Amino acid sequence: MDITLSKAQQDISKEARRFLKKECSPDFVQEMFEDDKGYTDDLWSKIVELDWPAMCIPEQYGGMGLDLLDLIMVLEETGRALMPGPFFSTILLGAETIIAAGNDSQKETYLPKIANGEIKGTLALYEPDSGADPGYIQMEAKSDGNGFILNGTKILVPDAHVSDFIICVARTQPGDDAEQGVTLFLVDPKSDGITVSLLPTMDATRKYCGVEFKNVPVSTDNVLGEPNQGWGPLCRAMQRVQVAISAESIGGAQWAMEAATDYAKIRIQFGQPIGAYQAIKHRCAQMFVDVESSRSLLYYAAWAQDNEEPTAAAIAASAAKTYCTETFNNVSCGTIQVLGGTGFVWENEIHYYLKRAKANEVALGDPDYHRERILKLLSL
Amino acid sequence: MDYRYTPEQEAFRQGFSSWVDKNLPEGFDPTKRRNFNTSEDLLAAYKAFQKRLYEAGYTALHYPKEYGGQGKTMVEEAIVTQTISEKCMELRQIGVITFGMAVPTIYTCGTEEQKQEYLPKIMDGTHLWCQGFSEPEAGSDIANVSTMAIKEGDHYVVNGQKVWTSMAHMADYCILLVRTDPETTKHRGLSYLLLDIKSPGVDVRPMKQMTGESEFTEVFMDNVKVPVENLVGKEGEGWMIAITTLMFERVLGDVTMATAYEKTIKNLISMAQNVKRSGRPVIENPLFRQKLAQHYIEIMVLKYHGLRNFGKTIKGGVPGPEGSIGKLLWSEPNQRITNNAIMMQGPLGQITEGSPWAIDEGAWQYGFLRSKGNTIEAGSSEIQRNIIGERVLGLPKDASRAAIKK
């Protein structure tokens, strides 16, 4: 038993903090918030120099083969800095799904290029009628003898506008059980029949798109893994993504908590710093409780993905996704209240954190979805 | 990072687990909330079980052998306390003050003579200890203790009253916070004594609490003589001793609590499967499913937060005031858990032990009422948040409290 971060993990974390402080300032985040592309090639190439995209890709495919917990060290910091750009979508939604579902040749085609920063990608999962249920897949992929024809609408696809590939989740057999008849397709967003449009969302530090598919042919070579069997591997990948978004959330929550505490020490009202009043002090203390306890669950959940048996790993991912994203939302809201009017103006960064918090909370299965999923995993 | 036991630790765990199964008191039923009808029966069972643990080498594993310990590590100690809290919490519960407070205080701050005198007799079950800190005018403001101890020759003469002294009616000794210097500032005038509760002049009166039971007492002391060699540390060090010695054991306490509450969640799930609402099991109700899952998550949080703190401590780090988090992570969820347990039962939720309609022999009704004490005892939630706010986050003290400290 050894429940502490290694020296190497602590170093990853420190290095990421130092890097992002320099390369991803609040001004830069604000600029990217208003920019349609949403990142710069300069930032992307610097991330690639740091080998961040390669961290969790297996060594045989040009990656570093590190554990999810190692990547969590980086994601806490990218969350803290609200780092914009397609890093999360590419290495988590894209790479993890290919690792979980792809065959050797697909892995050889895509993973080395993701690891060296050459390509970016994403996952088209949600549909207009899915609601909070990522397993509600109705988009149709019809077999035409040589391959499949995709028709339908996907929404809330992160960074599709800058992606080189999209993994599209579609139904190849009718039904409403995701376990049966769901297939993953690798598609090029520049293909005929695909229309990508930016969606206006609260959190514009991460761009979300709508993607229309109109009679888009996909060859059988571009079926990711096995036809009709896409949901199982997708779920395994999604668990890792859920832990990753939890890490990002805790990084953001940590920033917000520090912002509240720093302000409570210097803002004087009625002759003393507002942090001396228990109404404020206890709110800040609760933020600390929420953030630190969330982090404890997060580290276990990350470790569990690489080490625990499948059910325990799945429960841990759902628990972390629920608890950590709710913490981020609660702490952001609490910070705004501590900041008072200062926290309500556009110039103060806290609104970006609130927006990211809400986006993370409803993404990838909301808390209600994951609570229900935990009971199902417990066979209840 | 690795949350698993080493093969040696796992073998130790299995060995101890089967030892417990063979050494529980005759007829002991781990599924029952209460196996003993009187506090005398419980005390006798505790002492006998503790003696068996001691003889088998399963007490105070992380303390040195010369004081009745086993010279092993905190991990083995955690395995033992977790196993006990899973299989027979009832037999451990009354020893919480003894092992959580008296032992670490005496071990860390006591003289060699005090360690030789008291520790082995705690380990072998001879003595149970209680905690005499709170007073009628010293609740959350615990440093406001006014029980006086005046030195006269080779002993202190103690006069005053303690309240909320847990288990004093069953205990043999008491860790006692007293004022030895009324002139100096309030924290610096305190000292820490070891009191033989059977001393002349000590009057213990049990208090009946809202559950109908008496865990706590009032202790009145009228010219009680305590030998000077029963002073822990130096005069005036009482406050620092009271605060600092508790940190290590709290770490172990959180890990143990998690095991106890995992069992509570298991019981809650099985209750929800058995209790009906409109003729269907409550577990099918979507609203209660949400609450149940949230409780499940919160106890995971308690567990893995406890383990993370524990991991830091065994690596040699000193647990800091962030240990205050742990108490909030069980006391507040426990109130929500027991409240929702009652609500799952609907109108049956008010039936207590003794009726054929009582669910789980009234365990949840007891738990609901008992949980109201959880956010008050051992430092209220408000005090925990003050500690976190001031000592962890560095927020300033309230002006009125800052003035008193000066």
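Here, residues in each chain are numbered from 1, in the same order as that chain's written sequence. Ligands are numbered from 1 and chains lettered from A, in the order in which they are written. Totals for whole chains, interfaces and linings use all residues, but because this is a predicted model, local features are given only for residues with pLDDT of at least 70 and pairs of side-chain atoms are given and counted only at 80 or more. Excluding hydrogens and water, the side-chain values take into account all heavy atoms of the structure.

*Asks:* Describe in detail the overall build of chain A, supporting the description with residues and values.
*Replies:* A count of helices and strands for chain A gives 11 helices and 10 strands. Computed over its C-alpha atoms, the radius of gyration of chain A comes to 21 Å, within 12% of the 21 Å expected for a compact globule of 380 residues. Reported as C-alpha extents along the three principal axes, the dimensions of chain A are approximately 80 × 45 × 40 Å. Only carbon and sulfur atoms are counted for the fraction: they give 50% of the accessible area of chain A, which is about 14400 Å². The averaged location of the 53 negative side-chain charges in chain A is 5 Å from the averaged location of its 33 positive side-chain charges. Going along the chain from the N terminus, every DSSP run of H or I of four or more residues is numbered as a helix, and every run of E of two or more is numbered as a strand. Radius of gyration: over C-alpha atoms. The globule rule applied is 2.2 Å multiplied by the number of residues raised to the 0.38 power. Per-residue and other accessible areas follow the Shrake-Rupley method at a 1.4 Å probe size, with only the shown protein chains counted as cover for residues. Under the counting rule used here, the positive set is Lys and Arg, the negative set is Asp and Glu, and His together with the chain ends is not counted. Charged side chains are reduced to one point each, which is NZ for Lys, CZ for Arg, CG for Asp and CD for Glu.

*Asks:* I'd love a proper account of the overall build of chain B, names of residues and values included.
*Replies:* The helix and strand tally for chain B stands at 13 helices and 10 strands. The principal-axis extents of the C-alpha atoms in chain B amount to approximately 75 × 50 × 45 Å. Relative accessibility thresholds used throughout: buried, under 20% of the residue-type maximum; exposed, over 50%; partly exposed, between the two (1.4 Å probe, protein chains only). In chain B, which comprises 406 residues, the share counted as buried stands at 55%. Once local pairs closer than 6 in sequence are excluded, the contacts in chain B between residues at least 24 apart make up 71%. When the accessible surface of chain B is totalled, it reaches about 17800 Å², and 53% of it is carbon and sulfur. Taken as two groups, the 47 positive and 49 negative side-chain charges of chain B have centres that lie 6 Å from each other. In what follows, residue pairs with any heavy atoms lying within 4.5 Å of each other are defined as contacts.

*Asks:* Any chance you could break down the nonpolar core for me, citing the residues and the numbers?
*Replies:* Residue and element names in this part refer to chain A. Ranked by internal contacts, the top residues of the largest apolar core, which has 206 residues, are Trp-52, Leu-71, Ile-72 and Phe-87. With residues near it in sequence (within four places) discarded, Leu-71 still touches Trp-52, Met-55, Cys-56, Phe-87, Ile-91 and Leu-92. For our purposes a nonpolar core is just a set of buried Ala, Val, Leu, Ile, Met, Phe, Trp, Tyr and Cys residues, chained together by side-chain atoms within 4.5 Å. Listed in part, the 19 residues of the second largest apolar core include Ala-170, Val-187, Val-211 and Val-216.

*Asks:* I'd like a description of the interface of chain B and chain A, backed by residues and values.
*Replies:* Listed by partner, the interface residues are 47 residues for chain B and 44 residues for chain A. Accessible area that two parts lose when put together, evaluated with a 1.4 Å probe and summed over both, is termed the buried area. Carbon and sulfur atoms supply 67% of the area that chain B and chain A bury against each other, a total of about 4400 Å² over both sides. Sorting the residues of chain B by area buried against chain A places Met1(B), Tyr3(B) and Arg308(B) first, and these three jointly supply 17% of that buried surface. Any carboxyl oxygen of Asp or Glu that lies within 4 Å of a side-chain nitrogen of Lys or Arg is treated as forming a salt bridge with it. Where chain B meets chain A, there are four salt bridges. The salt bridge partner of Glu292(A) is Arg308(B), with a shortest N-O separation of 2.9 Å. The term polar contact refers here to a pair of N or O atoms within 3.5 Å; inside protein, the definition further demands a hydrogen-donor-capable atom paired with an acceptor-capable atom, and it admits residues adjacent in sequence only when both atoms are side-chain atoms. There are 23 residue pairs in polar contact (both at pLDDT 80 or more) connecting chain B and chain A. The element that contributes the greatest number of residues to the side of chain B that touches chain A is helix α9 (residues 286–314) of chain B, accounting for 17 residues.

*Asks:* How would you summarise the pairing of strand β4 (residues 165–171) of chain A if you had to cite specific residues and measurements?
*Replies:* Residue and element names in this part refer to chain A. A large share of β4 lies buried, amounting to seven of its seven residues. What you see with β4 is no split at all: Phe-165, Ile-167, Val-169 and Arg-171 on one side and Ile-166, Cys-168 and Ala-170 on the other are buried throughout. Relative to β4, strand β1 (residues 121–124) runs parallel, the two being bridged by four bridges. When the bridges of β4 are listed, Leu-123 appears paired with Ile-167. Pairing between strands is defined by DSSP: at least two bridges between the two strands are required.

*Asks:* A description of helix α8 (residues 278–307) of chain A should follow, citing residues and the corresponding values.
*Replies:* Expected span of a helix: the number of residues minus one, times 1.5 Å. With 30 residues, α8(A) extends 42 Å from end C-alpha to end C-alpha; this agrees with the ideal 44 Å at 1.5 Å per step. Counted residue by residue, α8(A) has 24 buried out of 30 residues, so it is predominantly covered.

*Asks:* Quick rundown of the domain arrangement of chain A? Include the residues and the values.
*Replies:* Residue and element names in this part refer to chain A. Split into domains, chain A comes out as domain 1 (7–119), domain 2 (122–224) and domain 3 (231–377). The domain boundaries here were taken from an automatic or database domain assignment. Here the C-alpha centre of domain 3 lies 29 Å away from the C-alpha centre of domain 2. When domain 2 packs against domain 3, the two sides together hide about 1400 Å² of surface, and 65% of this comes from carbon and sulfur. In terms of surface lost to domain 3, no three residues of domain 2 exceed Met-202, Asp-203 and Arg-206, which account for 31% of the buried area on that side. Taken together, the links from domain 2 to domain 3 amount to two salt bridges. Put simply, Arg-356 and Asp-203 hold a salt bridge, and the shortest N to O gap is 2.9 Å. Residue polarity is assigned by list, with Asp, Glu, Lys and Arg as charged and Ala, Val, Leu, Ile, Met, Phe, Trp, Tyr, Cys and Pro as nonpolar; anything else, Gly included, falls into the polar class. Its residues placed into classes, the side of domain 2 that touches domain 3 shows 11 nonpolar, two polar and four charged.

*Asks:* Go over the packing of aromatic side chains with me, naming the residues and quoting the values.
*Replies:* Residues and elements named next belong to chain B. Pairs were defined over the aromatic rings of Phe, Tyr and Trp, the Trp ring being its six-membered one, requiring ring centres within 6.5 Å. Orientation was assigned from the angle between planes: stacked under 30 degrees, edge-to-face over 60, tilted for the rest. Under the definition given, this model contains 28 aromatic pairs over all chains. A centroid spacing of 6.0 Å and a plane angle of 65° characterise the contact between Tyr-67 and Tyr-107, whose relative ring orientation is edge-to-face. With Tyr-67 in the loop between α2 (39–55) and α3 (74–88) and Tyr-107 in helix α5 (residues 96–109), this pair connects stretches of sequence that are 40 residues apart. Judged by its relative accessible area of 6%, Tyr-67 is buried.

*Asks:* Quick one: what's the story with the environment of Thr264(B), residue by residue and with numbers?
*Replies:* Residues and elements named next belong to chain B. Along the chain, the position of Thr-264 falls in helix α8 (residues 246–274). Along the chain, Thr-264 and Glu-382 lie 118 residues apart, while their C-alpha atoms are 25 Å from each other. When near neighbours in sequence (up to four residues on either side) are disregarded, Thr-264 contacts Ile-337 and Trp-364.

*Asks:* I'd like to hear about the domain arrangement of chain B, residue by residue, with values.
*Replies:* All names here are of chain B. If you check the domain split of chain B, you get domain 1 (7–93), domain 2 (130–237) and domain 3 (245–405). Here the C-alpha centre of domain 3 lies 23 Å away from the C-alpha centre of domain 1. Each side of the interface is counted separately: domain 1 has 15 residues, and domain 3 has 15 residues. Here domain 1 meets domain 3 over a buried area of about 1300 Å², counting both sides, of which 62% is carbon and sulfur.

*Asks:* Can you explain the packing of α8(A) against helix α10 (residues 324–344) of chain B? Please cite residues and give values.
*Replies:* Only the stretch in contact is used when a helix axis is fitted, and all axes are lines through C-alpha atoms; the angle between N-to-C directions ranges over 0 to 180 degrees. As a packed pair, α8(A) and α10(B) sit with axes 10 Å apart at the nearest point and diverge in direction by 85°. Our classification of the angle between α8(A) and α10(B) gives roughly perpendicular. Facing Phe288(A), Val289(A), Glu292(A) and Ser293(A) of α8(A), the residues of α10(B) in contact are Ile325(B), Leu328(B) and Leu329(B). For the contact of α8(A) with α10(B), the residue count by class is five nonpolar, one polar and one charged. We call two directions roughly parallel when the angle between them is under 35 degrees, roughly antiparallel when it is over 145, roughly perpendicular when it lies between 65 and 115, and oblique otherwise.

*Asks:* Describe the pattern of salt bridges, with residues and values.
*Replies:* All names here are of chain B. In the structure shown here, the tally under the stated rule is 45 salt bridges over all chains. For the salt bridge of Asp-21 with Lys-87, the shortest nitrogen-to-oxygen distance reads 2.9 Å. Here the residue Asp-21 occupies a position in helix α1 (residues 7–23), and Lys-87 occupies one in helix α3, the gap between them amounting to 66 residues. Classification of Asp-21 by relative accessible area gives partly exposed; the value is 48%. Note on Lys-87: relative accessible area 16%, which makes it buried. A salt bridge links Glu-213 to Arg-34, with the shortest nitrogen-to-oxygen separation between them at 2.9 Å.

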